Amino acid sequence: MSSHLELFAQLTANGIAVGSIYALVALGIVLIHKATEVLNFAHGDLLVVAAFSAWALIDKAGLSFWLVLPLVALAMGVLAYGLDALVVRRIVGQPQFAGVMLTIAIAFMMRGLVSMGFGTESQSYATPWTGASTEILGVTVADLSLVIMGSVLLIAALLWLFFRYTRLGIAMQAASQNQLAAHLNGVRVKRVNSLVWALAGVTAAIAGIFLAPITLVDTSLWLITLKALAAIVLGGFGSLPGAVIGGILIGLIEQYAGVYLMHGVKDIAAYLVLILVLILRPTGIMGEAHGRRV
Amino acid sequence: MRFDYHTAYRQGFALLPHTSDRVLYGLLIALLLAVPFFASTYLLGELGYVLILCIAAMGLMVLTGFTGQVSLGHASFVAIGAYAHAWLMTQGLPFALSLPLAALISAGAGLVVGIPAIRVSGLYLAMVTLAFSIVVEQVIGLWRGVTGGFMGMLVPNPELLGLSLSSPRAFYYVCLFFALAVLLALLNLMRSGIGRAFVGVRDSEAAAYALGIPVKRVKVGAFGLSAGVTGLAGALMAHHIGYLTPDAFTLLLSLDLVLMVVIGGMGSLRGAILGAILISLLPRAVAALKALLPEAMARQSGMEIFVAGAVLAFFVLFEPMGLNGRWLKLRALLESFPLYRRDTFRRQKSYMRSERNR
Amino acid sequence: MTALLELDEVELAFGGLVAIGGLSLRVDKGEVLAVIGPNGAGKTSMLNLVTRVFTARRGRIRFKGQDIAQMPRARIAHLGIARTFQNIELFDAATVLDNLLLGRHRFGSGRWWQQILRTPALTRLEESHRAKAEEVIEFLDLSPWRNARVAGLPYGVRKVVELGRALCAEPELLFLDEPASGLNPEETRDLAFWIEDIRTELGITVVMIEHDMSLVSAVADRVVCMAQGKMLAEGTPAKVQGHPDVIAAYLGT
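Residues numbered from 1 in each chain as written. Chains lettered and ligands numbered in written order. Predicted model: local features only at pLDDT ≥ 70, side-chain atom pairs only at ≥ 80, totals over all residues. Heavy atoms only, no water.

Enquirer: Any chance you could explain the overall build of chain B here in plain terms?
Expert: Within chain B, the secondary structure is distributed over 17 helices and four strands. A compact globule built from 358 residues would reach a C-alpha radius of gyration of about 21 Å, and chain B, at 21 Å, matches this within 12%. Dimensions of chain B, computed from the C-alpha atoms along their principal axes, are close to 60 × 50 × 50 Å. Counting the 358 residues in chain B, one finds 51% classified as buried. For chain B, the proportion of contacts with a sequence separation of at least 24, taken over those separated by at least 6, is 76%. Summing over all exposed atoms, chain B offers an accessible surface of approximately 16,600 Å²; the carbon and sulfur share of this is 67%. Positive and negative charge centroids in chain B, built from 27 and 15 side chains respectively, lie 8 Å apart. (Helix = DSSP H or I, 4+ residues; strand = E, 2+ residues; numbered from the N terminus. Rg over C-alpha atoms; globule rule 2.2 N^0.38 Å. Buried < 20%, exposed > 50% of the residue type's maximum accessible area, 1.4 Å probe, protein only. Contact = heavy atoms within 4.5 Å. Areas by Shrake-Rupley, 256 points an atom, 1.4 Å probe, with all protein chains shown as cover. Lys, Arg positive; Asp, Glu negative; His and termini not counted. Charge placed at Lys NZ, Arg CZ, Asp CG, Glu CD.)

Enquirer: Explain the interface of chain B and chain A here, please?
Expert: How big an interface is tends to be expressed through the accessible area that disappears when the partners come together. Contact with chain B, which involves 50 residues of that partner, is made by 54 residues of chain A. Between chain B and chain A the total buried area reaches about 4,700 Å² when both faces are included, carbon and sulfur atoms providing 76% of it. At the surface where chain B touches chain A, the tally comes to one residue pair in polar contact (both at pLDDT 80 or more). Of all elements in the fold, only α6 (116–119), α7 (122–142), α13 (251–264) and α16 (303–318) of chain B reach the threshold of two or more residues within the side of chain B that touches chain A. (Buried area = accessible area lost by both parts, 1.4 Å probe. Polar contact = N/O pair within 3.5 Å; in protein donor to acceptor, adjacent residues only side chain to side chain.)

Enquirer: Quick question: what am I supposed to make of helix α2 (residues 43–60) of chain A here?
Expert: In an α-helix there are 3.6 residues to a turn, and that puts residues three or four apart on one side. Residue and element names in this part refer to chain A. Taking 1.5 Å of rise per residue, the 18 residues of α2 would be expected to cover 26 Å, and the 25 Å separating its terminal C-alpha atoms lies within 8% of that figure. Within α2, 15 of the 18 residues are buried, which leaves it mostly tucked inside the rest of the structure. Where α2 ends, the next residue or the one after it, G62, has phi of about 75°, a positive value. (Expected span 1.5 Å × (residues − 1).)

Enquirer: How should the sheet that holds strand β3 (residues 32–36) of chain C be read in this particular structure?
Expert: Two strands in a sheet stick together by hydrogen bonds in their backbones, pointing the same way (parallel) or opposite ways (antiparallel). All names here are of chain C. Pairing is mixed across the open sheet formed by six strands, whose spatial order is β6-β7-β8-β3-β9-β10. Looking at strand neighbours, the two that pair on one side only are β6 (81–83) and β10 (230–235), the edges of this open sheet. Here the strands of the sheet are splayed against their neighbours by 20° on average, with no regard to which way each runs. Strand direction decides the pairing type here: β3 and strand β8 (residues 205–209), joined by four bridges, are parallel. Opposite L33, over in β8, you have V207 as the bridge partner. On top of the sheet, helix α1 (residues 43–50) reaches β3, β6, β7 (173–177), β8 and β9 (222–227); it is set at about 145° to β7, its chief contact. Docked against the sheet, helix α7 (residues 185–200) engages β3, β7 and β8, running at close to 150° with respect to β8. (Pairing = 2+ DSSP bridges. Axes fitted to C-alpha atoms, helices over the stretch in contact; angles between N-to-C directions.)

Enquirer: In this structure, what is going on with a nonpolar patch on the surface? I would like to understand it.
Expert: Residues and elements named next belong to chain B. A grouping of V23, L24, Y25, L27, L28, L31, F37, F38, M321, W327 and L328 is seen on the molecular surface, where their side chains present a nonpolar patch of about 1,100 Å² in accessible area. For the nonpolar patch, the secondary structure elements donating two or more residues are α2 (19–34) and α17 (322–335). Among the elements that take part in the nonpolar patch, α2 stands out by supplying six residues, more than any other. The topology assignment puts L27 in helix α2. (Patch = residues over 30% accessible without salt bridge, like charges linked within 9 Å, V, L, I, M, F, W, Y side chains within 5 Å. Salt bridge = Lys/Arg side-chain N within 4 Å of Asp/Glu carboxyl O.)

Enquirer: I keep staring at the sheet that holds strand β2 (residues 17–28) of chain C and nothing clicks. Help me out?
Expert: Residue and element names in this part refer to chain C. In spatial order, the strands read β2-β1-β4-β5; together these four strands make up an open sheet with antiparallel pairing. In this open sheet, the two edge strands, each paired with only one partner strand, are β2 and β5 (66–67). Strand direction decides the pairing type here: strand β1 (residues 3–14) and β2, joined by eight bridges, are antiparallel. Bridge pairing in β2 places L7 opposite L25. Contacts between α1 and the sheet are confined to β1, β2 and β4 (58–63), with β1 contributing the most and set at about 110° to the helix.

Enquirer: Is there a simple way to explain the pairing of β1(C) in this structure?
Expert: Working note: regular strand, side chains alternate between the two faces of the sheet. Residues and elements named next belong to chain C. The turn joining β1 and β2, which pair antiparallel and follow one another in sequence, is formed by two residues; a positive phi near 60° is taken by G15. With five bridges joining them, β1 and β4 adopt antiparallel strand pairing. Bridging across to β4, L7 finds its partner in I61.

Enquirer: Would you mind going over unusual backbone geometry with me for this structure?
Expert: Residues other than glycine predominantly adopt negative phi, and peptide bonds predominantly adopt the trans conformation. All names here are of chain C. Phi is positive for R118, which is not a glycine, with a value near 50°. Structurally, R118 is set in the loop between α4 (112–117) and α5 (120–139). With relative accessibility at 14%, the residue R118 sits in the buried group. Positive phi values are uncommon outside glycine, yet E178 reaches one of about 50°. Tracing the backbone shows E178 in the loop between β7 and α7. What makes E178 buried here is its relative accessible area of 12%.

Printed below as a string of structure tokens:
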């Protein structure tokens, strides 16, 4: 295999791995946005909370990774449910902008609390796959990356099944289409919305727990929200499959830009994509066009 | 209660219709003019900074409060104004010429960022501005020839007609002059045709079109105006900081500006000013608070951002009309004293109205 | 009678769905024309074509002889065409007076530097706009609400404010999209008088899309009935109401 091809293949593998994380974060944000029309700017900070909790439990308390994963996922689900039930729900019916501001406020508060509770230093912890790697078709891929890709696919598939076949999933879809109509048809919209938040919280926890060992456990993890926004826009706002595809594409674009384009482009590639997509094709890859009737 | 009896339309146009208002605002301006004679150098610098933030917040208010276009990236215009001004001055341009030019350059950048506003609005536009500001921050870091990159850039001292304006007292007056000038100009603009067109575009695009308002031009124009004003604030900020580096203009500054506008109260220049004052006082308040706390808690660093978040959440949840709304309520209470009803400003219960189809 | 507005074989389609197919229509100067028809007949689409919300796929739309089918959307008001909306489109956060002043937009509001400096010339211009707005307030009995925010007003008043805003634009041709929907009988009676006055006193040609046949019979000179994007019948109110095709369209047989 030529070195060019090898580099390309390596970049592709890395891109898909990073992109899978973006996809997972994007999924969580789209879930909430579809159900409640709140664009959750605090999603990245849910990741931060999850990552720090996992670090504290693994590194400080010495618990096993396999115990911490469900524990933190459950705790984040409860936290997200509570956030909606106690705080975010109060602004229903106000302009979209109020939701943006409220979630930014929540993000600030969570970030502040994390700094106060866990300190401001970066941390790291080991997972069962740390350090190991597998060679596939001549490309070396870290085992952790493989696990991430696998779990993202699994979560996406589970979500699809959930929305397609379960009563609750269908109720969630109904509530996201038309809250009043769903309410009149006996869907308990408020509780369903909070459950969507809980679901998104669980995905955030998983993303946080897997992402932190790759980068570092740090409050700057929240910046992934912005990358996920680029993924969502690229995939077409409000589309779950679009969020997954968009996430992986953003991951790939970043990796390629880092090597094939000039210095510094890698860091802003995602944002350039976001701007270009919104100017040239606001509906993204899989979005639907809407017009307003007068 | 107070009733106005007008015999000419002109009387209704007055900015300060009542004698009591004129006296109060007159006293306020006299106080602001007198401050340098008894305030410390440090306090003057801080006050100048608050005035600069007031200008920037008014710039953002024009865009977000009046035309309803959310920008989460206004720090980029502060940065463009600051760097343009500093660069022009290092090229030998005098302060008096470089300042308006920097504002114009920033306005030009605003027009460019405003172009996506033709096609997208709401959340999408917010994301475009957010992405733009991250890109600008990065570009400033990489463009070493002009901006000095991450190493930074020294800002030349301001001079006017051979007089140095770099002393804290002189610079305070410069800031005060521009803050008042911008306030008056925007007040006049917002109560005239252009301001009405802004509000029209915000509240109903369909109706705005039907009345002959060129919606797209208004939207892009509002971006330009807003960026220009914010750029002016940036140019002044350059002198306040003295040494420019990209990390002075991050996302956090953008969010601070949005905080000022939201906490101040949408659609009111008074709100922008009140918001700017409150947000710039917040770190001081937290520092004062820390002095009272046990040392273990006071050493923690997340307190500032936590308090900022809590204040923002409080306003979004309980006072969506912001400080300006609180002010109006207080006035209504005082003016209609025995007759004031608590429900005058109460919001109606509402269902979620979809904004997906805007 | 001269034609003020002429639609000539106009066609509007959304993808494959033909909303209006080959519609020809003529509005004479000084008349009150009512457009009736079942829901989905294309009445509002026709209005949206003229005001350039939609673009016609084929055909000509002429206003005073000038083809406006491809004109920019914001230009239409400047020709002297004003409209109201089916689901009220007011500037909710502004006062009634500001809404009316926005109706004056097409008459200009001074250069930007005049606005910033508030020059005497600008003050005079603002006064003239205000005077016209006050005329409309007088005409429509809106004075109790002059300084009230639109968002808090009752539905009936909001409808009247929207009519007032259109009148502030001093149009030659006024489109009313279901002006009586949601009004009580008393408000509808007021509306009938106003439409009559708008025609006779202000000399404005009125085209109204309306379901309330009592209002149509009371004020319309001529009625056009549309169904499925085509014109079914036209003539006096009584004649159109008795037309067999119209009865069939409404009863679905």
